[in-house]
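Observations on chain architecture
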Amino acid sequence: MTVTSLKSNADQLVSVSVMGQIASPGFPGLPAEPYRLDSDGRPFLLPTYGGIVYNVSVGDSAYGWLADTVHPGVSISLRDENGNRGLNLFACVGNTAVVMSGDAKGARGVVTGKSGRFSEHVIVHFSKADREKMAIGDRIVIRSKGVGMALADHPGVKLKSCSPELIDGLEVTTAPNGRLAVPVVAVVPPHLVGAGSGLTSEGGSIHIQSQDREALREAGLDQLRLGDIVALADTDSSWNHGYLRGGVGIGVIGQGDSPRAGYGPGVTLLMTSATSGLEPVVTPGVNLTSIFDLAT
Amino acid sequence: MSLRTNAAHLVEMAVCGNISQPSLRYPGYTLDQDGVGAVLPGMSGTVYNARVGDPAFGWAGDHVEPGTSIANPDAAAEFALHYLTCMGNSAWVTSGLAKGARGVVTGEHARILVDFDDATNDLLCPGDTIQINALGRGLALLDYPQVELKKMSPALLEAMQIEPVDRERIRVPVTMALPPRIMGSGAELNSEYVDQDLMSGDRALMAELGIDQMRLGDIVVIPDADHRYGRGFRKGAATIALCIHGDSVMTGHGPGILTLMTCPVPCIEWVIDPNANLAHYFNLGKAA
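The model shown is predicted, which means the values in this text are computed figures rather than measured ones.

1. Observations regarding the domain arrangement of chain B
Residues and elements named next belong to chain B. Domain boundaries assigned for chain B yield domain 1 (7-134) and domain 2 (148-287). For domain 1 and domain 2, the distance between their C-alpha centroids amounts to 19 Å. Contacts between domain 1 and domain 2 engage 37 residues on the former and 38 residues on the latter. Among the secondary structure elements, those contributing two or more residues to the side of domain 1 that touches domain 2 are β2 (30-31), α1 (75-84), β7 (102-108) and β8 (112-115).

2. Considering the domain arrangement of chain A
Residue and element names in this part refer to chain A. Assigned domains within chain A: domain 1 (14-144) and domain 2 (158-291). A separation of 20 Å is found between the C-alpha centroids of domain 1 and domain 2. Across the boundary between the two partners, domain 1 contributes 31 residues, which contact 35 residues of domain 2. Of all the secondary-structure elements, those providing two or more residues to the side of domain 1 that touches domain 2 are α1 (81-90) and β6 (108-114). Top contributing element to the side of domain 1 that touches domain 2 by residue count: β6, with three residues.

3. A closer look at the sheet that holds strand β5 (residues 96-99) of chain A
Sheet strands associate in pairs through backbone hydrogen bonding, adopting either a parallel or an antiparallel arrangement. All names here are of chain A. With antiparallel pairing, the six strands of this closed barrel are ordered in space as β1-β4-β7-β6-β5-β8. Neighbour-to-neighbour, the strand axes of the sheet open up by a mean angle of 45°, direction not taken into account. Relative to β6, β5 runs antiparallel, the two sharing three bridges. In the strand pairing of β6, T96 is matched with V110. With respect to the sheet, α1 is in contact with β1 (16-22), β4 (74-77), β6, β7 (122-125) and β8 (139-144), its orientation differing from that of β1 by roughly 115°.

4. Quick word on the interface of chain B and chain A
Chain B puts 28 residues into the contact, and the matching count from chain A is 31 residues. At four residues, the largest contribution of residues to the side of chain B that touches chain A is made by strand β16 (residues 232-245) of chain B. Of the residues contributing to the side of chain B that touches chain A, the split by class is nine nonpolar, 10 polar and nine charged.

5. Some remarks on the environment of B:A225
Residue and element names in this part refer to chain B. Positionally, A225 belongs in strand β15 (residues 219-226). On a C-alpha basis, the gap between A225 and I240 in space is 9.3 Å, while along the polypeptide they are 15 residues apart. When neighbours within four sequence positions are excluded, A225 is seen to be in contact with P180, M183, R231, F233, A237 and T239.

How each quantity is defined
Residue positions are counted from 1 within each chain, in the order its sequence is given. Chains carry letters and ligands carry numbers; both start at the beginning, A for chains and 1 for ligands, and go up in the order they are written. This being a predicted model, a pLDDT of at least 70 is required before a residue's local features are given, and a value of 80 or more before pairs of side-chain atoms are given or counted; all residues contribute to the totals for chains, interfaces and linings. Residue ranges assigned to the domains are those given by an automatic or database domain assignment. What counts as a contact is two residues whose backbone-derived C-beta atoms lie within 7 Å of each other. Strands here mean DSSP runs of E at least two residues long; helices mean DSSP runs of H or I at least four residues long; both are numbered from the N terminus. A pair of strands is treated as paired once DSSP finds two or more bridges between them. Axes, fitted as lines to C-alpha atoms, cover a helix only where it is in contact. Angles between the N-to-C directions of the axes lie from 0 to 180 degrees. As a working rule, the residues Ala, Val, Leu, Ile, Met, Phe, Trp, Tyr, Cys and Pro are called nonpolar, Asp, Glu, Lys and Arg charged, and the rest polar, with Gly in that last group.

Here is the structure:
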């Protein structure tokens, strides 16, 4: 593999503020049926997306938590639907977040993921000390930058929710075959790509299916950590996420495992190529914690 | 030989909806897999020229809903319409020029899909009320309790000519098998609600496997798919499903596949039968 510095249009990108407020967890109302069903039909009642999660951070295991698709750190959203879409689309993984109100005012964090249909949060890492000072409703500004970014020598690769800092930190290179080589911890086979298929890839999440634990082990996906970089095989996420032989997606594990059928760890898409422009290179330990030196 | 069921104990109940008006969100474009936008008809209203039994692929439309699509404006009544209506239930027009005409439920998408004959379609107007004799919730195979039925009417179950293989297994006629890796949009929903699209974006694969020959109303099998509580991959499971709507240009979408039977362990076998189609079973469309 030849290491080359990648030419991008990063110096032309517009950096614009998008604001969200720390989201409260939510549950359906009366008649007070708070249960979801696991893949075998057993009802469960567990923490799920939203809020300030004090004890789960990027770098921790994506599995084993008594939760449904837990968001590490802090989840933010905006009640206004169109404004929330602006937040969800423009925030990029690696962007800086700044707390603008409340006792944690001035604290800085990093965007680590997004959630999809039914929650549409942006997930932000803050130190545990900062989380202690935060309150639900606090305003957090994302200094968004990354939408529109392209790599001059890789026109077949689309970047999504991907900051220039992430491209730098990921140490992507141009392989001898001309493809963009990206280090990943694992490759998700297409039969384990689940919820999120057919939905937009500009925000939201696409989930690894974890119901069949043996299939998960066979694919080397049972030890994933939150913040791990992974590849999606035979998946084209140019517009929506969908099956296409030869397509490759690159994403980050943004959310934890789920007991529900079709669900599992959530992936925030970062790059996609419909035409073999990407070459995942399996490399242990590729995680946002080391890329951004995140304090846990 | 027919299978023993609890059909005699099912409750038959009326639910209703109104013929829906096609609607678009400004500026009306649907993006295809190359990112090119097009304005395409297919959903809602009465589709006069696509009926169950016609091809699922090839229409200059998107998610074509054959026949007539109905919805209920009251949210709770709408969910009752979705959760209680079963495939093969009988429907009748209760208002408008076609009042009294009878049809058959052929699908559940964001709306419930009902097939009426061409003469009735000529008289239908968006807003007309359609009532369904909902029957099938709770239906079970007495000798095969591990097989779960969803939105299966007793009439459809009878028509499908399912055979017992042994004490554990049954055999179902289907037109084709779909690889689980192409099952897409709808994975995020519970399997009690609407359908899951097969992902048709790999056009060469569709042709290689003959999936592009699918017809609206086809009964198909998805091996290794467990649809009991959601739609997920599980080795050894099998799901029998119904093609309810046409192909789509959108990535991750394609013909709509609605769950009829599912089993988490190997107990559903299948045999390829080109006649395994709702139009054939109920004498609809060109089969009439």
